[in-house]
Amino acid sequence: MSAAPPELRLAAEEIARQAGAIVRTFYEQGFAIDHKGDVGNVVTDADRASEAHIVAALRARYPAHAIVAEEGSGVEGGDGGNGRDGGDGGGEDDPTVTWLVDPLDGTNNFAHGFPVFAVTLAAVVGGRVLAGATYDPLRDEMYSAHRGGGATLNGRPMAVSGTRRLAAALVGTGFAYDKSTTVDNNLAEVVTLVPLVRGLRRAGACALDLAWVAAGRLDAFWERGPQAWDMAAGVLLVTEAGGTVTGHRGEPLDLDGGRIVATNTHLHPVILERLAAARILIGLLPQPAPAVAV
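Overview of the structure. Since this is a predicted model, take the numbers as computed values, not measurements.

Turning our eyes to something else, we now look at the pattern of salt bridges. Summed over the entire model, instances satisfying the criterion amount to 12 salt bridges. Measuring nitrogen to oxygen at the nearest pair gives 2.9 Å for the salt bridge that ties R217 to E141. Separated by 76 residues along the polypeptide, R217 in the loop between α5 (206-214) and β12 (220-224) and E141 in strand β7 (residues 141-146) bring together distant segments of the chain. Here E141 falls in the buried class, since its relative accessible area comes to 14%. Between R224 and D184 there is a salt bridge whose closest N-O contact spans 3.9 Å. Within this pair, whereas R224 is found in strand β12, its partner D184 is found in the loop between β10 (170-173) and α4 (187-193), the two being separated by 40 residues in sequence. Among the residues examined, D184 registers a relative accessible area of 13% and is labelled buried. Each member of the salt-bridge network shares a partner with another, and the members are D184, E189, R224, R259 and R279.

Rendered as structure tokens:
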């Protein structure tokens, strides 16, 4: 399809910046903390206030669009199409457009005063991200993109890094909330890759990790467990900046699949290979068949 309307990108930027100001005010003045089931899965009144603003702003601007937001403020628009199950629309009045919203990605960081968190939202149709923005309110950094229109940081074009050797790479990762109850918890992958790379970072905000890959600050990032709203804008940022994004096996990314590998493209094959090797070691993938002599 043609490039997504720049208007969607501009709307995402404007609304993300407004919500970021709300989040920053809570960060500076204080906030209340609650839990969503697991003790490690927290929510704050900053999350809820940010989400309320984003949803209201989107409803006012695009009443026909659907909204899926992390804290439950989902709103169906138009004919109820959610834009994640099909359709090839792309106009700003298309009822199949869905906005995926994370009003505060990195809530655990926020709750502990660790200054790495962001507001992120993206417009999606048929599983394809049309436009999105991720805003870091403490650094006043706005990452945005629309399909076919490139990715920018505060209006300046972004490009992924040129790193070609794993030994020279700075890579990021993350851990799902169920890391203590499943063997598929990313520890084997981390142990495998740490000796091979220049450095590994676990910043705790998937949206920013992906933005940093797009900006060339990280050379690669992988994670099991992110939700569609965590990564939708970042997926577009990376691809529009020249990078590659897939699932853990190199398959086309499914926003609802909960697995992502994003790289500067040069490192993609070797990252996939090392991740697979780690999963073979702990039995999550079968051993490759031995070569047969002929």
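All right, on to the sheet that holds strand β14 (residues 259-263) then. In spatial order, the strands read β11-β10-β12-β14-β13; together these five strands make up an open sheet with mixed pairing. Of all the strands in the sheet, just β11 (199-201) and β13 (244-246) have a single pairing partner and so form its edges. Put simply, the sheet's adjacent strands are angled 15 degrees from each other on average, direction ignored. The pairing of β12 with β14 spans five bridges and is antiparallel. Following the sheet pairing, E223 is matched in β14 by I260. Running at roughly 155 degrees to β12, α5 makes contact with β10, β12 and β14 of the sheet.

Let's shift gears to the environment of A11. Relative to the assigned elements, A11 resides in helix α1 (residues 6-29). A C-alpha to C-alpha distance of 9.9 Å links A11 and A122, two positions 111 residues apart in sequence. Setting aside anything within four residues of it in sequence, one finds A11 in contact with R61 and Y62.

Turning next to the packing of α5 against helix α6 (residues 228-240). Packed helices, taken two at a time, are described by the angle their axes make and the gap between the axes. Running from amino to carboxyl end, α5 crosses α6 at an angle of 0 degrees, the nearest separation of the two axes being 8 Å. Classified by the interaxial angle, the pair formed by α5 and α6 is roughly parallel. Every residue of α6 that contacts α5 at C206, A207, L210, A211, V213 and A214 is listed here: D230, M231, G234, V235, L237 and V238. When grouped by side-chain class, the residues that make up the contact of α5 with α6 number 10 nonpolar, one polar and one charged.

Judged by nonpolar contacts, the single largest core of 37 residues is most densely connected at Y143, L210, L237 and L255. Those elements giving two or more residues to this core turn out to be β5 (118-125), β7, β8 (151-153), α5, α6 and β14. Here the element with the most residues in this core is α6; it accounts for nine residues. Counting residues in each nonpolar core, the second largest holds 30 residues, with A46, W99, F110 and L130 among its members.

Taking 1.5 Å as the rise per residue, α6 with 13 residues should run 18 Å; its terminal C-alpha atoms sit 18 Å apart, in good agreement. Counting buried positions over the 13 residues of α6 gives 11, a clear majority of the element. Turning to α6, its buried residues number three or more, namely A228, W229, D230, M231, A232, A233, G234, V235, L236, L237 and V238.

Most of strand β6 (residues 128-136) is tucked away: eight of the nine residues are buried. As judged from the seven bridges shared by β5 and β6, these two strands associate in the antiparallel manner. Paired with V119 across the two strands is Y135, which belongs to β6. If you look at the hairpin formed by β5 and β6, you'll find two residues sitting between the two strands, and G126 has a positive phi there, around 55 degrees. The antiparallel pairing of β6 with β7 creates a hairpin that spans four residues between the two strands, and D140 there sits at a positive phi of about 50 degrees.

Further remarks concern the environment of L196. As for its placement among the helices and strands, L196 is situated in the loop between α4 and β11. Note: C-alpha distance between L196 and A169 (27 residues apart in sequence) is 8.8 Å.

Here we take up unusual backbone geometry. At D140, a residue that is not glycine, the phi angle is positive and equals roughly 50 degrees. Looking at the secondary structure, you find D140 in the loop between β6 and β7. Since its relative accessible area comes to 40%, D140 is described here as partly exposed. Of note in this structure, N186 is not a glycine but carries a positive phi near 80 degrees. Structurally, the position occupied by N186 is in the loop between β10 and α4.

This part is about the sheet that holds β8. Strands sit in the order β3-β4-β5-β6-β7-β8-β9 across an open sheet of seven strands; the sheet is mixed. The sheet terminates laterally at β3 (66-69) and β9 (156-157), the two strands that pair on one side only. Bridging between β3 and strand β4 (residues 98-105) involves four bridges; their strand directions are parallel. Its bridge partner being in β4, A69 is matched across the sheet by V101. On the sheet, α1 packs against β4, β5, β6, β7 and β8 and is oriented at approximately 30 degrees with respect to β6.

How each quantity is defined
Starting from 1, residues in each chain are numbered consecutively following that chain's sequence as written. Owing to the predicted nature of the model, reporting of local features is limited to residues with pLDDT of at least 70; listing and counting of side-chain atom pairs is limited to 80 or more, with chain, interface and lining totals taken over all residues. Working from all heavy atoms in the structure, the side-chain values ignore hydrogens and water. Here, a salt bridge means any Lys or Arg side-chain nitrogen found within 4 Å of an Asp or Glu carboxyl oxygen. Comment: elements are numbered from the N terminus, with helices defined as DSSP H or I runs of at least four residues and strands as E runs of at least two. Relative accessibility thresholds used throughout: buried, under 20% of the residue-type maximum; exposed, over 50%; partly exposed, between the two (1.4 Å probe, protein chains only). One requirement defines pairing of two strands: DSSP has to find at least two bridges between them. Lines are fitted to the C-alpha atoms to define the axes, a helix being fitted only along its stretch in contact, and any angle between axes, read from their N-to-C directions, falls within 0 to 180 degrees. Residue contacts are defined here by distance: any two heavy atoms, one from each residue, within 4.5 Å place the two residues in contact. Any angle between 65 and 115 degrees counts as roughly perpendicular, while under 35 counts as roughly parallel, over 145 as roughly antiparallel, and the rest as oblique. Under the scheme applied, nonpolar residues are Ala, Val, Leu, Ile, Met, Phe, Trp, Tyr, Cys and Pro; charged residues are Asp, Glu, Lys and Arg; polar residues are all the others, including Gly. Take the buried residues of types Ala, Val, Leu, Ile, Met, Phe, Trp, Tyr and Cys, join any two whose side-chain atoms come within 4.5 Å, and each joined set is a nonpolar core. Expected span of a helix: the number of residues minus one, times 1.5 Å.

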